[in-house]
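So the chains spell out like this:
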Amino acid sequence: MPRGHHHPLPRRGRLLQLAAAASGLLLIALLVLLPAAPPWEHTTAPASLLRAAVAAHPSPDSYARPCANHLSLSLHRLRAALSSLESGDVPAALHLASASLQCQYDCSHLLSLPAFRSHPLTSRFLDSLAPQTLNAALKPPSSAPAAAFPARIRPDATVCKPNSGVEPCGYSTVQAAVDAAPNYTAGAAGHFVIAVAAGTYKENVVIPYEKTNILLMGEGMGATVITASRSVGIDGLGTHETATVAVIGDGFRARDITFENSAGAGAHQAVAFLSDSDRSVLENVEFRGHQDTLYAHTMRQFYRRCHIIGTVDFIFGNAAAVFEECVIKTVPRAEGAQKRARNVVAASGRIDPGQTTGFVFVNCTVDGNKEFVELFRTKPQSYRLYLGRPWKEYARTLYVSCYLGTVVRPEGWLPWQGDFALRTLYYGEFDSRGPGANHTARVEWSSQTPEQHVKHFSTENFIQGHQWIAY
C-alpha cells in the first residue's frame, strides 16, 4: 500500500505553542461569530460547519507539491460541498466533503503532521447528515442498465501512432490531445471526445481538475494500450505519482481501452489508473498491473464490464465506487521457482465513519488467471486470494451476487495487522456463488448482508447513478 514520506519536524518553542493556542481561540470565535446560513430546512447547522471548515482550511500555497495538490483539491471539494448543500443536493455535499477529508488526511499524513483544524469540522459535518441520508427513502433499482455512451460518437480530437497507416490524425500522444481540450467543458454541452487508434502509447497521462467531461475512446481492450512503468521508490516517487493515467477532472468517461503499469511483479506500488473524478464512468476498460493497479481515490465512480488484473490490494482507495459485471483476476506475485502468493483484491481506505465511501462489486467474477489457477492446484496453501483487507479503520466493501472462483480462501477476508479495524470495518457478501463462496467458513468479523440492506448499496442509492450515468 502507499507509503508515507516522513519528514522530521523542528521542535516547537513556547512562542509556537502560544500561537497554536491563539489559533484555537480564533477558530472558536469563528464558530460562534459566523453568520447564520439561510434557513433551509435541516441544513443550517451543517452549513455553518462547512463554512467554518473552509475558513480553517490550510492554504495550499503554504506547502510544496504533492501536499499543495492535495490541499488545493480539498478546498475545491469543500467549497463545492457547501454550494451543493445550499442548493439542496445533500448526497453530493456528503460525497464532496468525504473527498475533501481524504485529501486533508493525505497531506497531514504525508508530512507526519497533526490533523488540520479543518479536519474535525469536516468530520462533524459528515456525522451531522450521513445518518439522515442513509435512512432516506431508497430509490428502486433500474429495470434496465442505462447506456453510458451514445451509439455513435463523433470525436473532437484523434490520436494515432506516427507511421501507423491510420488516416492522418491530430495528435501522436494522448496527453497532447488532453492538453488541447477546452477547460471546464460543461456536461450539458456533452463531452470532449478523444478517439485513440489501436496501438501502444508509452506515456503517463494526467487529466487535471480543469479538464472536465473528457471522453477517452479506444478501439478495444488490448488493442489500444496506454502503458508506463513508474513505481514507488524510483526517483522518490509516491504512490500517486506512479499512475500511468491519473484523472482529476470530473465527468471522465473511458471505453474500449487498456491502462497498464508494466513495472512488474517485483516492483513496489505501481498504479495503472488513479481517479479523483466525480461521476466517472469506465466501460469495457482493462486495468493491468500488480500491486495497487486501480486507485479509486475519491468521489463517485462507476465501472462496467471492466477487466482488472493485479496481485496485492489491486483495487484500493477511498472512493464511492460500484463495479458491475467486471472480471477481476489475480496473477502470481513473484518470478522464479520459489514464487508464492497471498493476494488481496480490495483495500478500502475509508478513514471516517461518516464518509459515503466504499467498494461495491455487483455480478462480478473473482478468480485467478490461468497461471495462478494452475499453481493453486499444485500448492493450494501457497496461492491464496482474499476478497479484501482493511487498509484504514472504517473500511467498507460489499460483494453482491458475485461468482467467486476456487482460489478464493474459505475465510474470505484477511486482517491488515492484528485486530486493527476488525470492530469498525464493514465487510459483507450477498448471494455469492461458485466454489469460493463458502459462507460458513468466513471470518467472524465479516457479514452475510441481509437483502434489505443491499438496497442501500445499489448504483441508485450509493452513488446516485440514476442522475448521471445515462448519456
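The following refers to the structure shown. (Residues numbered from 1 in each chain as written. Predicted model: local features only at pLDDT ≥ 70, side-chain atom pairs only at ≥ 80, totals over all residues. Heavy atoms only, no water.)

A word on the overall build of the chain. Within the chain, the regular secondary structure consists of nine helices and 24 strands. Looking at the chain residue by residue over its 471 residues, the buried ones come to 54%. In the chain, the share of contacts with a sequence separation of at least 24, taken over all contacts with a separation of at least 6, comes to 70%. A total of about 20,400 Å² of accessible surface is found on the chain, and carbon and sulfur atoms cover 53% of it. (Helix = DSSP H or I, 4+ residues; strand = E, 2+ residues; numbered from the N terminus. Buried < 20%, exposed > 50% of the residue type's maximum accessible area, 1.4 Å probe, protein only. Contact = heavy atoms within 4.5 Å. Areas by Shrake-Rupley, 256 points an atom, 1.4 Å probe, with all protein chains shown as cover.)

Right, let's get into the nonpolar core. Phe-259, Tyr-303 and Phe-323 are the most contacted members of the largest nonpolar core, which totals 65 residues. Those residues in contact with Tyr-303 that lie beyond four places of it in its chain are Phe-273, Ser-275, Leu-282, Phe-287, Leu-294, Ala-296, Ala-321, Val-322, Phe-323, Glu-324 and Cys-326. Core analysis: the next-biggest nonpolar cluster, separate from the first, contains 23 residues, Leu-78, Leu-85, Leu-96 and Leu-101 among them. (Core = buried A, V, L, I, M, F, W, Y, C linked by side-chain atoms within 4.5 Å.)

In this section: the sheet that holds strand E4 (residues 205-207). Here we have seven strands laid out as an open sheet, ordered E4-E7-E9-E11-E14-E17-E20, and parallel in their pairing. Unpaired on one side and paired on the other, E4 and strand E20 (383-388) mark the two borders of the sheet. Sheet twist, expressed as the mean angle between neighbouring strand axes with direction ignored, is 10 degrees. In this sheet, strand E11 (residues 294-296) lies alongside strand E9 (residues 273-275) in parallel orientation, the contact comprising three bridges. Along E11, the bridge assignment pairs Phe-273 with Leu-294. Here helix H7 (residues 370-378) sits on the sheet in contact with strand E17 (341-348) and E20, set at roughly 120 degrees to E20. (Pairing = 2+ DSSP bridges. Axes fitted to C-alpha atoms, helices over the stretch in contact; angles between N-to-C directions.)

According to the stated counting rule, one finds two disulfides in the structure shown. A sulfur-sulfur distance of 1.6 Å marks the disulfide that ties Cys-67 to Cys-107. Classification of the bridge connecting Cys-67 and Cys-107 rests on its S-S torsion, roughly 95 degrees, and on that basis the disulfide is right-handed. Of this pair, Cys-67 sits in helix H3 (residues 67-86) while Cys-107 is found in helix H4 (residues 90-110), placing the two residues 40 residues apart along the sequence. Using a relative accessible area of 2% as the deciding quantity, one classes Cys-67 as buried. Once the bonded cysteines of the chain are numbered in order along the sequence, the disulfide links fall as 1-2, 3-4. Cysteine Cys-364 shares no disulfide, and the gap to the nearest cysteine sulfur, in Cys-326, comes to 4.7 Å. (Disulfide = S-S within 2.5 Å.)

In this section: the side chain of Ser-98. Relative to the assigned elements, Ser-98 resides in helix H4. Taking relative accessible area as the criterion, Ser-98 reaches 2% and is therefore assigned buried. Beyond its immediate chain neighbours, meaning those up to four positions away, Ser-98 contacts Leu-126, Gly-354, Gln-355, Thr-356 and Thr-357.

Attention shifts here to the pattern of salt bridges. Side-chain pairs of opposite charge can arise whenever the charged atoms involved come near each other. Applying the stated criterion across every chain, the model contains 15 salt bridges. Among the salt bridges present, the one from Arg-77 reaches Asp-250, with a minimum N-O distance of 2.9 Å. Of this pair, Arg-77 sits in helix H3 while Asp-250 sits in the loop between strand E7 (245-247) and strand E8 (253-261), placing them 173 residues apart in sequence. A residue is classified by how much of its surface remains accessible, and Arg-77, at 2% relative accessible area, is buried. A residue is classified by how much of its surface remains accessible, and Asp-250, at 14% relative accessible area, is buried. Arg-305 is paired through a salt bridge with Glu-325; the nearest N and O atoms lie 3.7 Å apart. Remark: Glu-325 occurs in the loop between strand E15 (320-324) and strand E16 (327-330) and Arg-305 occurs in the loop between strand E12 (300-304) and strand E13 (307-310); sequence separation between them is 20 residues. Taking relative accessible area as the criterion, Glu-325 reaches 36% and is therefore assigned partly exposed. (Salt bridge = Lys/Arg side-chain N within 4 Å of Asp/Glu carboxyl O.)

Looking now at the environment of Asn-213. Inspection of the secondary structure assignment puts Asn-213 in the loop between E4 and strand E5 (214-217). The exposure class of Asn-213 is buried, given its relative accessible area of 10%. Placed 66 residues apart in sequence, Asn-213 and Arg-279 show a C-alpha to C-alpha distance of 9.5 Å.

Let us now look at the pairing of strand E3 (residues 199-202). Of the two faces of E3, the one lined by Gly-199 and Tyr-201 is fully buried and the one lined by Thr-200 and Lys-202 carries no buried residue. The sheet contact formed by E3 and strand E6 (residues 224-228) spans four bridges and is parallel. Across the sheet, the residue bridging to Lys-202 is Thr-227, located in E6.

Their axes nearest at 8 Å, the elements H3 and H4 cross at an angle of 160 degrees. In terms of orientation, H3 and H4 fall into the roughly antiparallel class. For H3 against H4, the interelement crossing comes out left-handed. Where H3 abuts H4, its residues Cys-67, His-70, Leu-71, Leu-73, Ser-74, Arg-77, Leu-78, Ala-80, Ala-81, Ser-84 and Leu-85 lie against Val-90, Ala-92, Ala-93, Leu-96, Ala-97, Ala-99, Ser-100, Cys-103, Gln-104, Asp-106, Cys-107 and Leu-110. Taken together, the residues that form the contact of H3 with H4 break down as 16 nonpolar, five polar and two charged. (Parallel < 35°, antiparallel > 145°, perpendicular 65-115°, else oblique. Left-handed = near helix turned anticlockwise from the far one by under 90°. Nonpolar A, V, L, I, M, F, W, Y, C, P; charged D, E, K, R; others polar.)

The subject of this paragraph is the packing of aromatic side chains. Following the criterion strictly, the structure yields 18 aromatic pairs and no others. Ring plane angle 75 degrees and centroid distance 5.9 Å describe the contact between Tyr-63 and Phe-116, whose orientation is recorded as edge-to-face. Pair noted here: Tyr-63 is in the loop between helix H2 (44-56) and H3 and Phe-116 is in the loop between H4 and helix H5 (118-134), with a separation of 53 residues, a long-range link. An aromatic cluster is defined as three or more aromatic residues linked by ring pairs; in this entry it consists of Phe-252, Phe-259, Phe-273, Phe-287, Tyr-303, Phe-323, Phe-359, Phe-361, Tyr-399, Trp-413, Tyr-427 and Trp-445. Cation over ring: Lys-161 sits above Tyr-201, and NZ or CZ is 5.3 Å from the ring centre. (Phe/Tyr/Trp six-rings, centres within 6.5 Å; stacked < 30°, edge-to-face > 60°. Lys NZ or Arg CZ within 6 Å of the ring centre and 35° of its normal.)

Next up on the list: the environment of Leu-385. Relative to the helices and strands, Leu-385 resides in strand E20. Placed 28 residues apart in sequence, Leu-385 and Trp-413 show a C-alpha to C-alpha distance of 8.8 Å. Apart from the residues within four sequence positions on either side, Leu-385 is in contact with Thr-330, Asn-343, Val-344, Val-345, Val-366, Asp-367, Val-407, Val-408 and Arg-409.

Over its 20 residues, H3 extends 29 Å from the first C-alpha to the last, a length consistent with the 28 Å expected when each residue adds 1.5 Å. Directly beyond the C-terminal end of H3, a positive phi value near 95 degrees is found at Gly-88. (Expected span 1.5 Å × (residues − 1).)

The values reported here are purely geometric and, on their own, carry no functional implication.
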